[in-house]
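So the chains spell out like this:
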Amino acid sequence: MALTSRISLQGPPTSDPEDYLSSSLGVIFPDDVTNQHGDAEHSLIYTSPHLPRPLHISLADPDQETDRKLFSHYLWNASLLLAEFVEAGALELPLDVGLGRLTPADFDVRGLETLELGAGTALPSLMAALLGAKNVVVTDYPSPTVLETLRKNVTANAKPECSPRNSLAPLTVEGHAWGELENTPFAAQHRGRFDRVFVCDCLWMPWQHANLHKSIAWFLKDSTSPSSARAWVIAGFHTGRAKMRGFFEDAALAAEGLEVESIWERDCDGVEREWAWDRGQEDVSERKRWLVIGVLRRRAPAPTKG
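Since the structure is predicted, the reported quantities are computational estimates derived from the model, not experimental observations.

What about the overall build of the protein chain?
In step 1: Along the backbone of the protein chain there are nine helices and 14 strands.
In step 2: By residue count, 54% of the 306 residues in the protein chain fall in the buried class.
In step 3: Of the contacts made within the protein chain by residues no fewer than 6 positions apart, 73% connect residues no fewer than 24 positions apart.

Right, dumping it as structure tokens:
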């Protein structure tokens, strides 16, 4: 099933919550694919066959140029993909993932503490909270407009009745600017806390890669065991491979004590292929179909000489 098939567009809210009259955005055209969804005037409905009711996703209405440049007022395909991975892992659903090198169990969040950076709509975090995570924290740039939308989505969807297990993890919303760590209360309180860090469609700003590395390393639990903390990084190629590939450079990750455990590419129909640093000239329509999935972990300390 196509990645975007779970999303539909809804007009201004009605008094009847069951009124889901909408136009589907889940149509894959022969030469194009929708990779960003919604606008400030239309909320989104996320419908999973494994949830007892749809999730209602609101989108920010940025009135400042700085906020508009964040592009957090859309739902992006990277969030849709991670939401499906989290669901498959927590509910033990069949899913071909990671070119056979991984299984859905590798995306199981049950009993884990999770953090999302640059969350936008927080869809993957909502799924984690509904599917057995121990504690969920959602962050985005500390803009009142962006954080208000996040809190609205949490209020609307973080309910036991939205969970197939009738359960809900504690879920909080915080402001966090990547790389701003030493003198911020939130960062100081949560260093090394999280088992999983979610990063969805945050790689289109090359000048922010180093700050994003710093935040991942800061919040990720300090362990290098096989079952230890991981960061799940998913991004679409719509802005161009050259803009985002530098995030995965080994030297840049090593500077923060991180490394790539696994990396591959997946399209909106679930077709997977090996990660490539360069694929030459890529058609825009083709780029929009594909995403990169990277699993990061802490780099093992170098052996001591003795």
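Digging into unusual backbone geometry
In step 1: Even without glycine at this site, L99 takes up a positive phi of about 55 degrees.
In step 2: Topologically, L99 is positioned in the loop between α2 (77-91) and β7 (113-117).

A word on the sheet that holds strand β8 (residues 135-140)
In step 1: Spatially, β9-β8-β7-β10-β11-β14-β12-β13 is the arrangement adopted by the eight strands of the open sheet, whose pairing is mixed. Lying at the two open borders of the sheet, with one neighbouring strand each, are β9 (171-175) and β13 (272-274). Looking at each pair of strands side by side, their axes are set apart by 20 degrees on average, direction ignored.
In step 2: Where strand β11 (residues 230-236) and strand β14 (residues 290-298) come together, six bridges link them in antiparallel fashion.

Digging into the pairing of β9
In step 1: The pairing of β8 with β9 spans five bridges and is classified as parallel. Paired with V138 across the bridge in β9 is V173.
In step 2: Read as a crossover between parallel neighbours, the route from β8 over helix α4 (residues 144-157) to β9 is right-handed.

Some words on the pairing of strand β12 (residues 258-267)
In step 1: Burial of β12 is extensive: eight of the ten residues sit out of reach of the surface.
In step 2: Where β12 lies against β14, nine bridges are found, and the strand directions are antiparallel. Bridge pairing links D267 to W290 in β14.
In step 3: Bridge analysis of β12 against β13 gives three bridges, and the strand direction is antiparallel. Bridge pairing links E265 to R273 in β13.
In step 4: Remark: four residues form the turn of the hairpin made by β12 and β13, two consecutive strands paired antiparallel; G270 in that turn has positive phi of roughly 90 degrees.

Focus on the pattern of salt bridges
Think of it this way: side chains of opposite charge can pair up when their charged atoms draw near.
In step 1: Tallied over the full model, the rule gives 19 salt bridges.
In step 2: Where R297 meets E261, a salt bridge forms, and the shortest distance between an N and an O atom there is 3.2 Å. Taken together, the residues R297 in strand β14 and E261 in strand β12 connect sequence positions 36 residues apart.
In step 3: R297 sits in the partly exposed class, given a relative accessible area of 28%.
In step 4: A residue is classified by how much of its surface remains accessible, and E261, at 32% relative accessible area, is partly exposed.
In step 5: With a closest N to O distance of 2.6 Å, R266 and E272 form a salt bridge. In this structure, R266 and E272 share a single accessibility class: buried.

As for the side chain of S228
In step 1: Of note, S228 is situated in the loop between α6 (209-219) and β11.
In step 2: Only 3.0 Å separates the side chain of S228 from the side chain of R230, close enough to count as a polar contact.
In step 3: If near-sequence neighbours (up to four positions away) are discounted, S228 is found in contact with R196 and S223.

Some points on the confidence of the model for the protein chain
In step 1: On average, residues of the protein chain carry a pLDDT of 87, and 84% of them reach 70 or more.
In step 2: Overall, residues 13-31 carries pLDDT values under 50, and its contacts beyond four positions in sequence, including any with other chains, amount to 36 contacts.
In step 3: This model gives residues 67-72 a pLDDT under 50, and the stretch forms 16 contacts once residues within four places in sequence are excluded.

Some remarks on the packing of aromatic side chains
In step 1: This structure, assessed with the given rule, holds nine aromatic pairs.
In step 2: Judged by centre distance (4.8 Å) and plane angle (45 degrees), the rings of F85 and F107 are tilted. With a gap of 22 residues between them, F85 in helix α2 and F107 in the loop between α2 and β7 connect regions that are remote in the sequence.
In step 3: Residue F85 is classed as buried on the basis of its relative accessible area, which comes to 1%.
In step 4: Judged by its relative accessible area of 2%, F107 is buried.
In step 5: When the centroid spacing of 6.5 Å and the interplanar angle of 85 degrees are considered together, the rings of W275 and W277 count as edge-to-face.
In step 6: Counting every residue linked through ring pairs, the aromatic cluster contains F237, F247, F248, W275 and W277.
In step 7: Across the ring face of W290, the terminal group of R273 is positioned such that the distance to the ring centre comes to 3.7 Å.

Definitions and cut-offs
- Residues numbered from 1 in each chain as written.
- Predicted model: local features only at pLDDT ≥ 70, side-chain atom pairs only at ≥ 80, totals over all residues.
- Heavy atoms only, no water.
- Helix = DSSP H or I, 4+ residues; strand = E, 2+ residues; numbered from the N terminus.
- Buried < 20%, exposed > 50% of the residue type's maximum accessible area, 1.4 Å probe, protein only.
- Contact = heavy atoms within 4.5 Å.
- Pairing = 2+ DSSP bridges.
- Axes fitted to C-alpha atoms, helices over the stretch in contact; angles between N-to-C directions.
- Right-handed = clockwise from strand over helix to strand, strands pointing away.
- Salt bridge = Lys/Arg side-chain N within 4 Å of Asp/Glu carboxyl O.
- Polar contact = N/O pair within 3.5 Å; in protein donor to acceptor, adjacent residues only side chain to side chain.
- pLDDT = per-residue confidence, 0-100.
- Phe/Tyr/Trp six-rings, centres within 6.5 Å; stacked < 30°, edge-to-face > 60°.
- Lys NZ or Arg CZ within 6 Å of the ring centre and 35° of its normal.

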